[in-house]
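Structural features, examined
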Amino acid sequence: MKTKTVERVYAPITPHFVGDGFRVHNFIPSAYQLDMQRMDPFIMLDYNSKHYFSATDSPRGVGVHPHRGFETVTIAYKGKIAHHDSAGNNGVIGEGDVQWMTAASGILHKEYHEREFSKNGGEFQMVQLWVNLPAAYKMSAPKYQEVTNNTIKKVELPDNNGSIEIISGEYDGNKGTAQTFTPIHLHNVKLNKGGKAAFNFPAHYNTAMLVVEGEVSVNDGEIVKTDHFVLMDNKGEHFEIKATTNAIVLLLSGEPINEPIAAHGPFVMNSKEELIQAFEDFNTGKFGYLED
Amino acid sequence: MFLSFKTYLVERSGISDLEFQSLHPYLKEKEIPKGTILLQKRAVCTHSFFVESGLLRSYSIDQSGKEHVIQFAPEGWIITDRSSVFFNEPSDYYIEAIEPSTVIYFSNDFIRKASEISAAFRNYNERLLQNHIRQLQHRIQFLLEATAEERYLDFISIYPDLLLRVPQWMIASYLGITPESLSRVRKELAKRHFSPRN
């Protein structure tokens with residue numbers, strides 16, 4: 001079996017605000033060679049590195065906006081996010097929870113810091129990942145998978161190396177919690193200092209990691225620091241990470257969908273015509289209505 | 001240089017590449033931050049603005065301080081106060097960038113020179129002017145007689161992606177309705193067209 005090696009390590013770029021509640025570094029698709037085609041099926045990754053938000057009575061966040069054609073995966077590391085949508089769903093994504101929202105044919109939603117969290121202020125850290133849908137499912141019905149932390153499948157690594165939370169996909173024969181439309185392995189790898197974990201994914205799967213806590217080395221070589229993103233090559237299958245301090249790494253590996261991508265803002269479709277249709281449907285209320 | 005403006009003009013007016021090149025001295029390209037005012041009320045408008053990227057709007061402010069949006073100009077649109085430019089008289093409007101934008105500034109000299117060297121451009125400019133009048137007439141008629149919903153449906157056919165880029169109050173201002181009426185229209189449309197499937 002061939003080793004999957006590091007293709008490139010990315011430092012976080014200058015953050016920008018999404019609404020007034022999410023201070024994010026974008027990696028996919030704006031960083032060099034992390035475009036939608038290269039990272040397929042991962043089409044967007046925004047990372048809110050640890051940031052202290054002061055106390056406020058009016059929760060910060062992002063107002064009503066639509067999505068169509070893909071899934072949004074929100075992973076809360078610190079702080080809590082409240083969400084509401086045009087189908088009447090609402091909920092809170094708490095620390096350690098994951099919300100896997102299949103926007104598919106279309107949804108309007110808004111995302112804010114949860115009220116209590118906002119009142120007290122505090123550290124906020126989260127990832128929002130967009131996962132593309134194959135053409136056959138782009139217009140399927142929207143749905144949610146609220147993957148609360150207590151439902152996430154956890155695997156203890158031997159010899160006190162740490163543990164792995166399998167959000168989706170599979171690790172060492174253990175199946176993850178969330179259902180996906182195409183093969184996607186999404187794991188939180190939690191390693192103790194000196195702890196190691198080995199992974200094995202098909203060479204053609206697009207694979208990357210984001211170090212959200214601590215520092216790791218990959219294949220006993222490249223050091224990847226906190227808030228850095230590492231893209232793996234598509235030549236090998238096997239790699240190992242080792243924590244030089246206690247560390248948490250978000251690992252993503254997915255089979256490319258290999259279909260044309262037409263993207264504009266919150267719509268990711270296969271053709272320009274479908275994008276135009278998405279705008280028209282949004283404008284004429286086919287995504288529903290939601291008060292700001 | 002001036003690539004998208006060139007594509008726009010060559011495609012629409014039939015001016016040749018070479019003719020366009022000779023007009024470069026009459027063009028200025030500027031990158032402007034959000035909030036930049038390109039025209040002040042009571043100033044004479046000396047330029048027209050072609051939006052390469054970003055979004056501009058023209059608006060007036062009434063005596064009570066309320067803004068009234070006259071026009072939005074996203075990518076590929078031209079915005080100006082045409083009569084202020086032509087008659088060299090003070091404008092009643094402001095023109096402002098509401099997104100960071102790249103804008104081509106062109107003066108009346110550009111239009112004069114282009115009309116001199118290209119018959120195709122001359123015809124095009126005439127057509128542009130007639131079309132402008134048509135749009136104005138249409139807008140007057142809608143403001144006088146159309147329902148809030150008709151105005152909104154007309155707006156989204158002209159500006160399909162602005163609902164995602166512009167605050168609601170600005171759209172309501174363009175439509176000549178209150179933000180509450182705009183919400184009501186959108187809610188009504190959603191009631192008719194939305195079927196939650198989950």
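Owing to the predicted nature of the structure, the values given are computational and were not obtained by experimental measurement.

Let us look at the overall build of chain A. Scanning chain A from terminus to terminus reveals three helices and 26 strands. Relative to a compact globule of 292 residues, whose C-alpha radius of gyration would be 19 Å, chain A shows 18 Å and is just as compact. Considering only C-alpha atoms, chain A reaches an extent of 55 × 45 × 35 Å along its principal axes. Out of the 292 residues belonging to chain A, those deemed buried represent 45%. In chain A, once contacts between residues fewer than 6 apart in sequence are set aside, the share between residues at least 24 apart is 71%.

This paragraph deals with the overall build of chain B. Helix and strand counts for chain B stand at eight helices and eight strands. For the C-alpha atoms alone, the extent of chain B along its principal axes is close to 55 × 45 × 35 Å. Considering only intrachain contacts with a sequence separation of at least 6, the fraction spanning at least 24 residues in chain B is 70%.

What follows is about the sheet that holds strand 2 (residues 37–39) of chain B. Residues and elements named next belong to chain B. Read across the sheet, four strands follow the order 2-7-4-5 without closing on themselves; strand pairing throughout is antiparallel. Whereas interior strands pair on both sides, the edge strands pair on one side only; in this sheet they are strand 2 and strand 5 (67–73). Taking the axes of each pair of neighbouring strands and ignoring which way they run, one obtains an average angle of 30° across the sheet. Relative to strand 5, strand 4 (residues 56–61) is paired through six bridges, and the arrangement is antiparallel. Residue pairing for strand 5: Ile-61 is matched across the bridge by Glu-67.

Moving on to the interface of chain B and chain A. Facing the 15 residues of chain B at the interface are 15 residues of chain A. Taken together, the residues of the side of chain B that touches chain A break down into eight nonpolar, two polar and five charged.

Before going further, it helps to examine the UniProt feature "binding site: Fe cation" (unreviewed entry) in chain A. Residues and elements named next belong to chain A. The UniProt record annotates "binding site: Fe cation" (unreviewed entry) at His-65, His-67, His-109 and Glu-111. A maximum C-alpha distance of 12.8 Å is found for the annotated residues, which run over 47 residues; spatially they form one tight group. Counting through the fold element by element, His-67 comes out in strand 5 (residues 61–67). Taking the number of C-beta atoms within 10 Å as the measure of exposure, His-67 has 25 and is therefore buried. Here His-67 is in contact with Thr-72, Ala-103, Ile-107 and Pro-266, once residues within four sequence places are set aside. Within the secondary structure, Glu-111 is located in strand 10 (residues 107–113). By C-beta crowding, Glu-111 is classed as buried, having 26 other C-beta atoms within 10 Å. Ignoring any residue separated from it by four or fewer positions in sequence, one finds Glu-111 in contact with Gly-61, Val-62, Ile-81 and His-83.

So, about the UniProt feature "domain: Pirin C-terminal" (unreviewed entry) in chain A. If you check UniProt for "domain: Pirin C-terminal" (unreviewed entry), the listed places come out as residues 188–288 of chain A in our numbering. Spanning residues 188–288 of chain A, this segment combines 12% helix with 46% strand, and its end C-alpha atoms are found 34 Å apart.

Residue and element names in this part refer to chain B. It is at 10 Å that the axes of helix 6 (residues 148–158) and helix 8 (residues 179–193) come closest, and there the two elements cross at 80°. Looking at the two axes, helix 6 sits roughly perpendicular to helix 8. Of the residues in helix 8, those touching helix 6 at Ala-148, Glu-149 and Tyr-152 are Ser-181, Leu-182, Val-185 and Glu-188. Considering only residue class, the contact of helix 6 with helix 8 consists of four nonpolar, one polar and two charged.

Right, let's talk about the sheet that holds strand 20 (residues 216–218) of chain A for a bit. Residues and elements named next belong to chain A. The four strands are arranged 18-23-20-21 in an open sheet whose pairing can be described as antiparallel. Edge positions in the open sheet fall to strand 18 (196–200) and strand 21 (223–224), since each of these has one partner strand only. As defined by bridge partners, strand 18 adjoins strand 23 (residues 238–243) across five bridges and the pair is classed as antiparallel. Of the residues in strand 23, the one forming a bridge with Ala-198 is Glu-240.

Residue and element names in this part refer to chain A. Of note, the amide linkage connecting Ile-28 to Pro-29 takes the cis form, showing an omega dihedral of 5°. If you trace the backbone, Pro-29 turns up in the loop between strand 3 (22–28) and helix 1 (36–39). For the bond from Asp-40 to Pro-41, the omega torsion is 10°, close enough to zero to count as cis. Relative to the elements of secondary structure, Pro-41 occurs in the loop between helix 1 and strand 4 (42–53).

The subject of this paragraph is the environment of Asn-123 of chain B. Residue and element names in this part refer to chain B. With respect to the helices and strands, Asn-123 occurs in helix 5 (residues 119–145). Here Asn-123 falls in the partly exposed class, since 13 other C-beta atoms lie within 10 Å of it. Taking the C-alpha atoms as reference points, Asn-123 and Ala-190, 67 residues apart in sequence, are found 44 Å from one another.

With numbering aligned to this structure, UniProt lists the feature "domain: Cyclic nucleotide-binding" (unreviewed entry) at residues 30–113 of chain B. With 14% helix and 46% strand, residues 30–113 of chain B has end C-alpha atoms that lie 21 Å from one another.

With that out of the way, let us pick up the packing of helix 6 of chain B against helix 7 (residues 168–175) of chain B. Residue and element names in this part refer to chain B. The contact between helix 6 and helix 7 brings their axes to 10 Å, and the two run at 110°. Considering their axes alone, helix 6 and helix 7 lie roughly perpendicular with respect to each other. Contacts from Ala-148, Arg-151, Tyr-152 and Phe-155 of helix 6 reach helix 7 at Ile-171, Tyr-174 and Leu-175. Residues of the contact of helix 6 with helix 7, tallied by class, amount to six nonpolar, no polar and one charged.

Cut-offs applied
Residues numbered from 1 in each chain as written. Chains lettered and ligands numbered in written order. Predicted model: local features only at pLDDT ≥ 70, side-chain atom pairs only at ≥ 80, totals over all residues. Helix = DSSP H or I, 4+ residues; strand = E, 2+ residues; numbered from the N terminus. Rg over C-alpha atoms; globule rule 2.2 N^0.38 Å. Buried ≥ 20, exposed ≤ 12 C-beta atoms within 10 Å, placed from the backbone. Contact = placed C-beta atoms within 7 Å. Pairing = 2+ DSSP bridges. Axes fitted to C-alpha atoms, helices over the stretch in contact; angles between N-to-C directions. Nonpolar A, V, L, I, M, F, W, Y, C, P; charged D, E, K, R; others polar. UniProt positions renumbered as here; feature names shortened; annotations may be inferred. Parallel < 35°, antiparallel > 145°, perpendicular 65-115°, else oblique.

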